[in-house]
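Next come the chains, spelled out residue by residue.
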Amino acid sequence: MAEWITCLDKRPADRTGEDLDIIYSRLKDVKTFERFHPLLLQQICYYGYYEDLDKGITLFRQGDIGTNWYAVLTGTVDVNVSETGDPKDAVTICTLGVGTAFGESVLTDTPRHATVITTEYCEFLRIEQKDFKSLWEVGERNKKFMDGMINSSTVPAHISNIPSLQEQESTESPLLNRRGISEDHGSSTRSGRYSRDSQSPSMELLSKQMSQPAKHIPPPSVHRGRRLTTTITPTPNNQGSYRVDIYLSPKPHSDDGLDSQHPALPLTDTPSERLARAGYVIRTVILTRSPHMIRDRKYHLRTYRRCLVGTEMVDWLMQQSSFVHSRNQAVGMWQALLEEGVITHVCHEHQFKDKYLFYRFREDDLGIGTVPNNNEKKECEDELQDTLVTLAQISPDAMMRMILRKPPPERTVDDLEIIYEELLHIKALSHLSTMVKRELASVLKFESHQKAGTVLFNQGDEGKSWYIILRGSVNVVIYGKGVVCTLHEGDDFGKLALVNDAPRAASIVLREDNCHFLRVDKDDFNRILRDVEANTVRLKEHGQDVLVLEKIPTNRGNDGMPTHYKYSVMAGTPEKMLEHLLEAHVDKYNESDTFVEDFLLTHVVFMPSNHLSPALMSHYHAKASQGTEQEMADYALNNKRRVIHLVLQWSTIAGDEFKEDPTIAEFSETLCRALLEDCKIYDSLKDELSAFEKVFISPGDDNELETPKRTLQRKKSITGLTDMMRRLPKEGSISTDSFKGTKRKAIKPTDENIFKVYCADHTYTTLRLPMDTKAGVIAQHAADKLCIGNDLVLCEVKSTGERVVIKESEVGVTSTLSLNGRLFIASREHLDALTPLPEQEGPSMGTSMVFELMSTKEVAYQMTHYDWELLYCVHEYELIYHTFGRHKFGKITCNLEMLLRRFNEVQFWVVTEMCLTNNLGKRVQLLRKFIKIAAYCKEYKNMNSFFAIVMGLSNIAVSRLSQTWEKLPNKFKRMFAEFETTLDPSRNHRVYRLAVAKMQPPIIPFMPLLMKDMTFTHEGNKTYFDGLVNFEKMHMIASTIRTIKYCRSEAFRVEPPPAVKNVQEVRAYVRNLSVIDNQRTLTQLSHKLEPRRS
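So, here's what we can say about the structure. (Residues numbered from 1 in each chain as written. Predicted model: local features only at pLDDT ≥ 70, side-chain atom pairs only at ≥ 80, totals over all residues. Heavy atoms only, no water.)

1. Section: the sheet that holds strand 23 (residues 515–521)
This is how it is decided: Two strands pair if DSSP finds at least two bridges between them. Helix numbering and strand numbering both begin at the N terminus, where a helix is a DSSP run of H or I of at least 4 residues and a strand a DSSP run of E of at least 2. Whether two residues touch is decided by their heavy atoms; if any such pair falls within 4.5 Å, the residues are in contact. Interaxial angles span 0 to 180 degrees and are taken between N-to-C directions of axes, which are lines fitted to C-alpha atoms, for helices over the stretch in contact.
Read across the open sheet, the four strands follow the order 16-23-18-21; overall the sheet is antiparallel. Bordering the open sheet on either side are strand 16 (445–449) and strand 21 (492–493), each of which pairs with just one other strand. For strand 18 (residues 465–471) and strand 21, the ladder comprises two bridges, and the chain directions are antiparallel. The partner of Tyr467 across the bridge, within strand 21, is Phe493. Where helix 17 (residues 522–534) meets the sheet, its contacts fall on strand 16, strand 18 and strand 23, and the angle it forms with strand 23 comes to roughly 55°.

Take a look at the structure:
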């Protein structure tokens, strides 16, 4: 037994001076006592006892009368609280470890507020109640020291009642009276604060607070206009333990509902290291290249020292780099610096503006600016381009925050449109209607908090705002349960309390530093709800809603009040929406009214062709039940004309799908015959007949209508899809004969496909089946040919060895395989026996010897030409089939799969070639070539291959090749840095979206992002609610599809590069890329090229 423990085991009266010295020398190094005054610690050495307990021992129970105070020397204990007093209902609110103390209720003889149980072997210092009181009652000096003794316990993580805590600390704590909160209203950073060093509230006090209902106590009047902000910060040495900091901060809501923090003020107290460095580099370069920009200036008889002019700053930035494309972008880059206080308006009144306003760098504002020396100038010159790339990456976000921080009345029409575009990509708002999103754009406010642990609001508080997380994450804390979940970027919280007008159901605590929120205040929220309900028109049949319309203002008068409205369909039954479409939209063309197009683009989801066709025939033959003979004739004629017009629009939008669908083919024949008969009665229908003939008359026939059914019967082809995906021959030679004069055609469901299906022993059979053959049928055919029994499943084996069982209902399975994936067949019990074929490993040698002889521009042109062919073959409906599930429609998405596959193919091609080039010099040349190809693809507006190449070069197997990148010329490094800016995924790829919005067709878009948008809309919105089709969702789906239509709205007329001899060789090469798609293999190859530096 240790000597100090032996001494503590003695009765206090028996301890000698030597014993007390031994105990003191041990306790002064214990964390609990390290801040105690020596006189107090000496008395603890006299009164304290040593106690050690095994795991699972209860020190005391909730409700017991306290008899001892404890300090934890080793081990940990759980603190459990029960609302009912029943131990079975107890919840662990925290775990206390070394350095914590508890049990100060012995001073007041009050019951314990929690049960404390050891979680492992523990050692304690224990002081009995009578001795603890003696320490407290012996004079004022001991009371001063004892404040530290009873308030030094670390605060538990789960605190749900901070307002009550504020009351205790602001009105009762003797520590607050001594340390008080600073009354310097100029800065919240100098306000008093509780911390570990300044003695945070005790465990006992917090347990007591948690057992009481939440209540709100206003801060003292001396701090009017500001509030106490509570932050909960993890302690560095105690897992599960936190400290409470309380300090003055600006009120988040002023009386008029606007943020009290001025938009011109920085969001952070001190700049981040990255932006502080960026500001230093730019200031140094300005002083080097344009020293006249930073000088003293006079305005209205006042001199402003060492400042710059906003317009000159924008001009200068645009002159420094080619990728600062616009003044607006330059404004965003300067605003990013202003947000963190790197630059500031001289009077702290304006955000950054492209106007004659004065701004200063932080150094000059603080009066510590210096003149750089030659070494600093050279260093900053070298860093400038990288600095500008960094600022360009964050400028869109800075511009968005700048707009959001403006008071709502000051936002321009352009500002509102930018905010609206942002709201389209926020997960929490995806289910809201267009009108509601536009209303939100005008009322949303920006709110930011710097400190992790800040409590945004407490359980039981009145609900005053709805929050959406723009950046960061928060914990949701419920009394008695602790942290129940974590919310991240795009999530929302606080709406329920506003809708139900109820207290907050949980506390919200910031999980990380620098969190940004969008906030909707209660008055605005309620007004929007009232407006939505007032502008919603519901049509009912038999007491049930059948059509829900939203009244949207289209024009406003000089007074700002709406003068004209339109009605947008929000929801309805398919039949009622079709009726509304025919009556109100078909013959009333309006460029802004997309209802007809949206209906026809998405009808496959809620009203497939076998339902739509008979419904249209019913409307075609509809007759009025009453009225004069002329009125009844006009009614019938108008119905027929509207149906014909809609069918003509349908044929235009659906394209080949319209002519090749058997159901539509039969419907079209029936409608053709009816129209021919009706032309004998209604002469005015001859115009409709003429338009119909233009769609369906075959050029080779004189009078016979060429119906879709006959077209379908004549069309048969062999796709040989899997063969078409074959890679380059192993010896590296490229055959061009098979590609001369060919033009890609879209893959049809009836096209026959030749492919192989393998067994576990790598034997195979070759099948020839239509593209729309189901996986179950393929498995049966393969089993029959291989004679290997029944109850087998079709499975893809990837080059990595991963096995993916394909559902029996899947169609077009050969197009969904991974790059080097192959089809296998086996019983479910023997799937583990399936292994990849040797050929699936990919090439063992690169093609750089061939590739380096090809013109870079010609390669980019041929890639763009091929990508355009793939894009042009994609039918709009394929995007819907892919998003909602092919098996639900029984439709193939082969053309879309080929385009998506192409993206992966180009990406892995870049990585493969880089990792298979052993010579460092050739690898640098190859890296340069890929960057140039990416640049040409961007010039050709081929964003799909551009992204694929840049992402390939960003792959870890390439990006880690430091020796290769070090030897790359600075010009190409800057080019690639600019490309990475476009690639920036923040704010849902805002940089890319803004760039594409400025392009004119033809464009080959970044397809994976389009599919992500489709998936986001589908998964974030219900297709049906209350038995009605959610047509707001269909509007959003159709809007994404229209992006594809817009990109293809112009023919591909890109001027080809100067003619070269090997055009056909280049064309064949880019269409038959050979790749390794196993990331592990690529990484291993990369490490062989450049081993990790020790």
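Still to come is the rest of the account.
2. Let's talk about a nonpolar patch on the surface
Selection rule: Put simply, a patch holds well-exposed residues, over 30% relative accessible area, that have no salt bridge, with like charges counted together within 9 Å and Val, Leu, Ile, Met, Phe, Trp or Tyr side chains within 5 Å. Every accessible area reported is derived by Shrake-Rupley at a probe size of 1.4 Å, with residue values counting cover from the shown protein chains alone. For this analysis, a salt bridge means a side-chain nitrogen from Lys or Arg found within 4 Å of a carboxyl oxygen belonging to Asp or Glu. Only protein chains enter the accessibility calculation, which uses a 1.4 Å probe; a residue is then buried when its area is under 20% of its type maximum, exposed when over 50%, and partly exposed in between.
A cluster of nonpolar side chains, namely Val537, Leu539 and Tyr567, defines an oily patch on the protein surface of about 220 Å² accessible area. Along the chain, Tyr567 turns up in strand 26 (residues 562–572). On the accessibility criterion, Tyr567 (41% relative accessible area) is partly exposed.

3. As for the packing of helix 13 (residues 374–405) against helix 37 (residues 970–983)
Under the convention used in this document: An angle below 35 degrees is treated as roughly parallel, one above 145 as roughly antiparallel, one from 65 to 115 as roughly perpendicular, and anything else as oblique. Here the nonpolar group is Ala, Val, Leu, Ile, Met, Phe, Trp, Tyr, Cys and Pro; Asp, Glu, Lys and Arg are the charged ones; every other residue, Gly included, is treated as polar.
It is the contact of helix 13 with helix 37, at a shortest axis distance of 9 Å, that shows an interaxial angle of 10°. For the element pair helix 13 / helix 37, the angle class is roughly parallel. Two secondary-structure elements touch here, helix 13 through Gln385, Val389, Ala392 and Gln393 and helix 37 through Arg974, Ala977, Glu978, Glu980 and Thr981. Broken down by class, the residue content of the contact of helix 13 with helix 37 amounts to three nonpolar, three polar and three charged.

4. Section: the side chain of Thr814
Stated formally: Whenever two N or O atoms come within 3.5 Å, that pair is a polar contact, provided that in protein one can donate a hydrogen and the other can accept it, and provided that, for residues adjacent in sequence, both atoms are side-chain atoms.
Among the structural elements, Thr814 can be located in the loop between strand 30 (803–805) and strand 31 (822–826). Under the relative-accessibility criterion, Thr814 is labelled buried at 3%. Within polar-contact distance, the side chain of Thr814 engages the side chain of Asn753 at 2.7 Å.

5. Structural notes on the packing of aromatic side chains
We count it as follows: Two aromatic rings, drawn from Phe, Tyr or Trp (for Trp, its six-membered ring), form a pair once their centres lie within 6.5 Å of each other, and the interplanar angle then sorts them: stacked below 30 degrees, edge-to-face above 60, tilted otherwise. Charge over a ring is defined by NZ of Lys or CZ of Arg lying within 6 Å of the ring centre and within 35 degrees of the ring normal.
What the rule picks out here adds up to 46 aromatic pairs. When the ring of Phe102 is compared with that of Phe124, the centres are 6.5 Å apart and the planes differ by 90°; the resulting orientation is edge-to-face. Of the two residues, Phe102 is situated in strand 6 (residues 101–102) and Phe124 in strand 8 (residues 122–128); the sequence distance between them amounts to 22 residues. Both residues of the pair, Phe102 and Phe124, belong to the buried class. Geometrically, the ring pair formed by Phe946 and Phe947 is edge-to-face, given 5.8 Å between the ring centres and 80° between the ring planes. Put simply, the rings of Phe903, Phe946, Phe947, Phe979, Tyr992 and Phe1006 pair up and form one aromatic cluster. Directly above the aromatic system of Tyr420 lies the positively charged group of Arg438, at a separation of 3.8 Å from the ring centroid. For Lys971, the ring lying beneath its charged end belongs to Phe972, and the centroid distance is 5.8 Å.

6. Some points on the pairing of strand 20 (residues 482–487)
Note: strand 19 (residues 474–478) against strand 20, five bridges, orientation antiparallel. Pairing of Asn475 across the sheet is with Thr486, part of strand 20. Here strand 19 folds back onto strand 20, and the loop between the two strands holds three residues, one of which, Gly480, carries a positive phi near 85°.

7. A word on the side chain of Asp678
Note on placement: Asp678 falls in helix 23 (residues 662–679). You can call Asp678 buried: its relative accessible area is 10%. Beyond its immediate stretch of four places on either side in the chain, Asp678 contacts Tyr620, Lys640 and Leu685.

8. Details of helix 40 (residues 1031–1047)
For clarity, the threshold we go by: For a helix, the expected span equals 1.5 Å multiplied by the number of residues minus one.
With 17 residues, helix 40 ought to run about 24 Å at 1.5 Å a step, and its terminal C-alpha atoms sit 24 Å apart, in line with that. By the criterion of burial, helix 40 is predominantly enclosed, with twelve of the 17 residues buried. Those residues of helix 40 that fall on the buried side of the exposure criterion are Phe1031, Glu1032, Lys1033, Met1034, His1035, Met1036, Ile1037, Ala1038, Thr1040, Ile1041, Ile1044 and Cys1047. At the N-terminal boundary of helix 40, the capping side chain belongs to Asn1030, with an oxygen 3.3 Å from the backbone nitrogen of Glu1032.

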